[in-house]
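Examination of the molecular architecture
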Amino acid sequence: MKELKLTTEDAVKYLKENVKIHDNIEISYNRIFAEGEVLNVDFSEYFGEPGFKMLVSLDESDLGATIEIDVYEVEEDIIEFIHYPKDGEEVEVTVI
């Protein structure tokens with residue numbers, strides 16, 4: 001597993017450039033821990049501003065729950081994440 005220590009800005013850049021649909025991710029931000037498969041990545045504009053949202057299907061959920069993470073909205077709260085690409089090496093990112 002590759003381990004990186006990135007600034008908030010670089011961590012968001014990593015997510016934007018590397019996380020793809022069907023990859024798995026474990027992400028901790030604010031007081032939230034989410035783990036699951038990335039179902040969609042959305043870079044649409046919202047109210048004239050660039051957006052970045054990830055739709056994640058939570059693992060082991062009896063309800064089949066999905067959550068939408070507005071990465072730009074929570075970027076200052078991201079603590080760490082582990083990216084499990086469908087093809088490739090796992091990457092653990094700690095935000096400094």
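Residues numbered from 1 in each chain as written. Predicted model: local features only at pLDDT ≥ 70, side-chain atom pairs only at ≥ 80, totals over all residues. Heavy atoms only, no water.

Let's talk about the overall build of the protein chain
Scanning the protein chain from N- to C-terminus turns up two helices and nine strands. Taken from N to C terminus, the helices and strands of the protein chain fall in the order β-α-β-β-β-β-β-β-α-β-β. Overall, the protein chain is about 35 × 35 × 25 Å in size when its C-alpha atoms are taken along their principal axes. Burial status across the protein chain gives 35% buried among its 96 residues. Considering only residue pairs separated by 6 or more positions, the protein chain has 47% of its internal contacts joining residues 24 or more positions apart. Accessible surface, the protein chain as shown: approximately 6,200 Å² in total, 45% of it carbon and sulfur. Separation of charge centres in the protein chain, based on 8 positive and 25 negative side chains, amounts to 4 Å. (Helix = DSSP H or I, 4+ residues; strand = E, 2+ residues; numbered from the N terminus. Buried < 20%, exposed > 50% of the residue type's maximum accessible area, 1.4 Å probe, protein only. Contact = heavy atoms within 4.5 Å. Areas by Shrake-Rupley, 256 points an atom, 1.4 Å probe, with all protein chains shown as cover. Lys, Arg positive; Asp, Glu negative; His and termini not counted. Charge placed at Lys NZ, Arg CZ, Asp CG, Glu CD.)

Quick look at the environment of phenylalanine 43
Mapped onto the secondary structure, phenylalanine 43 falls in the loop between β3 (32–42) and β4 (45–46). Measuring from C-alpha to C-alpha, the distance between phenylalanine 43 and methionine 54 comes to 9.0 Å, with 11 residues separating the pair along the chain. Among residues more than four places away in sequence, those in contact with phenylalanine 43 are Lys16, Gly51 and Phe52.

A look at helix α1 (residues 8–18)
Along α1, the residues classified as buried are Thr8, Ala11, Val12, Tyr14 and Leu15. Viewed along the axis of α1, the buried residues span an arc of 155 degrees, placing them on a single side of the element. The secondary structure elements touched by the buried residues of α1 are β1 (2–6), β2 (24–29), α2 (71–74), β8 (78–84) and β9 (91–95). (Arc of directions from axis to C-beta.)

Side note on the pattern of salt bridges
Applying the stated criterion across every chain yields a total of one salt bridge. In this structure, glutamate 68 engages lysine 53 in a salt bridge whose closest nitrogen and oxygen atoms are separated by 3.9 Å. Here glutamate 68 is found in strand β7 (residues 66–70), whereas its partner lysine 53 is found in strand β6 (residues 53–58), with 15 residues between them in sequence. Since its relative accessible area comes to 53%, glutamate 68 is described here as exposed. (Salt bridge = Lys/Arg side-chain N within 4 Å of Asp/Glu carboxyl O.)

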